[in-house]
Amino acid sequence: MSSITQNYKAAFEILKKKPILLWGLSLLSNFIILIVSLLGGARIITFPVALVLEASLAVLYLKGVRGEGIETKNIFSGFTSLKQAVHVAGGMLWMELWILLWGLIPIVGIVFAVIKTYEYAFTPYILITRPEIGAMDALKESKKMTKGWKGKMFGAQALVIVAIWLCALILGIFSAIPFIGGLFGLVLFLLIVAVVLFCPIFFGLVSAKFYEDALYTAAHPAPVQPMPQPQQYNFDPYTGQPIQPQVQPIPPTQPAPTPAPAPAPEVQPIPPTQPAPVYNPGDEPVVNQNPTPAPEAPTDDNQPTRI
């Protein structure tokens, strides 16, 4: 993220390279804007035309910041087509309307108007260089892009204005000194001429440089920094007594569960085999040749004989 001084240096470098061209085109554009604004017959037409010329001049400064070629036709870049002119004029009118409405708030209206002026400062660049964004959405886009930049933009212009007023005040006081006061008066006159001729160009280049920085920041966001850890003390900051470190007990490890044994497969009993019958050749049953004699009935010699 660039600083105010870096943007000052960039604007001075551009002015040193093309001072006459930038001054001439700026003077021509401001002269046309003045002529169009003074035409009171059809303000409903002349005022939007002046706003489109103002946006075109802002884009001319943007081309200078980007190192692109600057030509006379660039002061009419908002009039490339009727659709483009209506688009830019609508967006600029919408911007001016909102700044006016914020300024109508009692007491603090001027403060809100200044804030909104810097909040909508990127609207001219968006309207011309990014025509796919609607006229009303351009204000929302400018509001989003100027987050974190409004303070720097205000400070960049405020520093220059305060420095000019201080120089003018000092030179005005010294110009009242007899004999040598004329010399200080001449220096004051040259300062006023330089401010009138080059201060608008300088402000335009600085504003365009801020827009380029905002585009670069949006395309290359800064990495998120980790949150700092709270500082650990080995002593009590109130009593100064050392603090014993707290040792966290190591939880006992649990044995791994033993898997249950798999059930044994069920074995089916083998049925007993029956002996196969033996047949003779004539299919007659075989008679056992050695039959077992039947057991005799027991006798009792002591049993009396019946008569």
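See above for the structure.
None of these values were measured; they are calculated from a predicted model.

A. View of the packing of aromatic side chains. On inspection of all chains with the given rule, the structure shows eleven aromatic pairs. An angle of 65 degrees between the planes, with centres 6.0 Å apart, marks the rings of W149 and F210 as edge-to-face. With a gap of 61 residues between them, W149 in the loop between α7 (135-145) and α8 (150-174) and F210 in helix α9 (residues 181-219) connect regions that are remote in the sequence. In terms of burial, W149 and F210 fall into one category: buried. Taken together through their ring pairs, the aromatic side chains of Y8, F12, F202 and F203 make up a single cluster.

B. Representation of unusual backbone geometry. Positive phi, close to 70 degrees, is recorded for I107, a residue that is not glycine. The exposure class of I107 is exposed, given its relative accessible area of 83%. Even without being glycine, F179 reaches a positive phi, approximately 70 degrees. Along the chain, F179 turns up in the loop between α8 and α9. The class for F179 is exposed, based on a relative accessible area of 89%.

C. View of the layout of surface pockets. Size it by volume and the largest pocket reaches roughly 660 Å³. In this structure, the largest pocket is lined by 25 residues; those nearest its centre are E54, A58, Q157, G204 and S207. In terms of residue count, the dominant contributor to the lining of the largest pocket is α9 (six residues). The residue makeup of the lining of the largest pocket, split by class, is 18 nonpolar, five polar and two charged.

D. The nonpolar core, seen in detail. Residues L22, L60, F122, F202 and L205 are the most contacted members of the largest nonpolar core, which totals 49 residues. Look past the residues within four positions of L22 in its chain and what remains in contact with it is I14, L15, L60, I70, I201 and L205.

E. The arrangement of the pattern of salt bridges in detail. Inspection of the entire model under this criterion finds eight salt bridges. Here K116 makes a salt bridge to E119, at a shortest N to O gap of 2.7 Å. On the criterion of helical spacing, the pair formed by K116 and E119 is a turn pair, its members being three residues apart in helix α5 (residues 109-119). Owing to a relative accessible area of 10%, K116 belongs among the buried residues under this scheme. One salt bridge in this structure joins R130 and E141, with 3.4 Å as the shortest N-O distance. Of this pair, R130 sits in the loop between α6 (123-129) and α7 while E141 is found in helix α7, placing the two residues eleven residues apart along the sequence. What makes R130 partly exposed here is its relative accessible area of 22%. The network of salt bridges with common partners includes R130, E141 and K144.

Conventions adopted
- Residues numbered from 1 in each chain as written.
- Predicted model: local features only at pLDDT ≥ 70, side-chain atom pairs only at ≥ 80, totals over all residues.
- Heavy atoms only, no water.
- Phe/Tyr/Trp six-rings, centres within 6.5 Å; stacked < 30°, edge-to-face > 60°.
- Helix = DSSP H or I, 4+ residues; strand = E, 2+ residues; numbered from the N terminus.
- Buried < 20%, exposed > 50% of the residue type's maximum accessible area, 1.4 Å probe, protein only.
- 1 Å grid on protein atoms, 1.4 Å probe; cavity = no way out; pocket = protein on both sides within 12 Å on 5 of 7 lines; lining within 4 Å.
- Points joined across faces, edges and corners; volume = space filled by probe spheres on them.
- Nonpolar A, V, L, I, M, F, W, Y, C, P; charged D, E, K, R; others polar.
- Core = buried A, V, L, I, M, F, W, Y, C linked by side-chain atoms within 4.5 Å.
- Contact = heavy atoms within 4.5 Å.
- Salt bridge = Lys/Arg side-chain N within 4 Å of Asp/Glu carboxyl O.

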